[in-house]
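Architecture and fold: a report
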Amino acid sequence: MPLTIENEETCRLLIELGELTGASPEEALATALRLAVEEEQTRQSVVRRLMTDAGKSLAEIEEAIGRRLTQQEVDDWMYDEVGLPR
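1. Here's the deal with a nonpolar patch on the surface
A contiguous nonpolar patch, built from W77, M78 and Y79 and spanning about 250 Å² of accessible area, is present on the exposed surface. For M78, a relative accessible area of 30% translates into the label partly exposed.

2. A short note on the side chain of E62
Tracing the backbone through its elements, the reader meets E62 in helix 2 (residues 25-65). It turns out E62 is buried and unbridged, and the closest side chain with the opposite charge, R68, is 4.5 Å from it. Apart from the residues within four sequence positions on either side, E62 is in contact with R67, R68 and L69.

3. Examining the layout of surface pockets
Rolling a probe over the atoms, with the probe sized like a water molecule, indicates the empty space that remains. Of the pockets and cavities examined, the largest pocket occupies roughly 160 Å³. Taken together, A54, W77, M78, Y79, P85 and R86 make up the lining of the largest pocket. Its residues assigned to classes, the lining of the largest pocket comprises 5 nonpolar, no polar and 1 charged.

4. Comments concerning the pattern of salt bridges
Under the definition given, this model contains 5 salt bridges. E73 is paired through a salt bridge with R67; the nearest N and O atoms lie 2.7 Å apart. On the basis of relative accessible area, R67 is assigned to the partly exposed category, the value being 41%.

5. Digging into the packing of helix 1 (residues 8-21) against helix 2
Two elements in contact, helix 1 and helix 2, have axes separated by 8 Å at closest approach and are oriented at 100 degrees. Relative to helix 2, helix 1 is oriented roughly perpendicular. For the pair helix 1 and helix 2, the contacting residues are L14, L17 and G18 in the first and P25, A28, L29 and A32 in the second.

6. Quick look at the confidence of the model for the chain
With 100% of its residues at a pLDDT of 70 or more, the chain has an overall mean of 91. Averaged pLDDT values for the elements of the chain fall to 86 in helix 3 (residues 71-78) and rise to 94 in helix 1.

How each quantity is defined
Residues numbered from 1 in each chain as written. Predicted model: local features only at pLDDT ≥ 70, side-chain atom pairs only at ≥ 80, totals over all residues. Heavy atoms only, no water. Patch = residues over 30% accessible without salt bridge, like charges linked within 9 Å, V, L, I, M, F, W, Y side chains within 5 Å. Areas by Shrake-Rupley, 256 points an atom, 1.4 Å probe, with all protein chains shown as cover. Salt bridge = Lys/Arg side-chain N within 4 Å of Asp/Glu carboxyl O. Buried < 20%, exposed > 50% of the residue type's maximum accessible area, 1.4 Å probe, protein only. Helix = DSSP H or I, 4+ residues; strand = E, 2+ residues; numbered from the N terminus. Lys, Arg positive; Asp, Glu negative; His and termini not counted. Contact = heavy atoms within 4.5 Å. 1 Å grid on protein atoms, 1.4 Å probe; cavity = no way out; pocket = protein on both sides within 12 Å on 5 of 7 lines; lining within 4 Å. Points joined across faces, edges and corners; volume = space filled by probe spheres on them. Nonpolar A, V, L, I, M, F, W, Y, C, P; charged D, E, K, R; others polar. Axes fitted to C-alpha atoms, helices over the stretch in contact; angles between N-to-C directions. Parallel < 35°, antiparallel > 145°, perpendicular 65-115°, else oblique. pLDDT = per-residue confidence, 0-100.

Here it is as structure tokens:
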């Protein structure tokens, strides 16, 4: 499948990456895309694991206190006073 890249910066970066690595532009692009896909897959896997762990923790807390937490209680547990994750 042919690909035309019309963005000058993208072309420049692709050529520069090829020169730095000794790869053809096609090889450099494939390597860069492969690394980006692997990085995103890893990130999404970590997020899924953390969400699963958070859900388990929330369930354990609710079981221990004998009731469901309110959304405000969950927010207070997950975020600090300026809204950043704890």
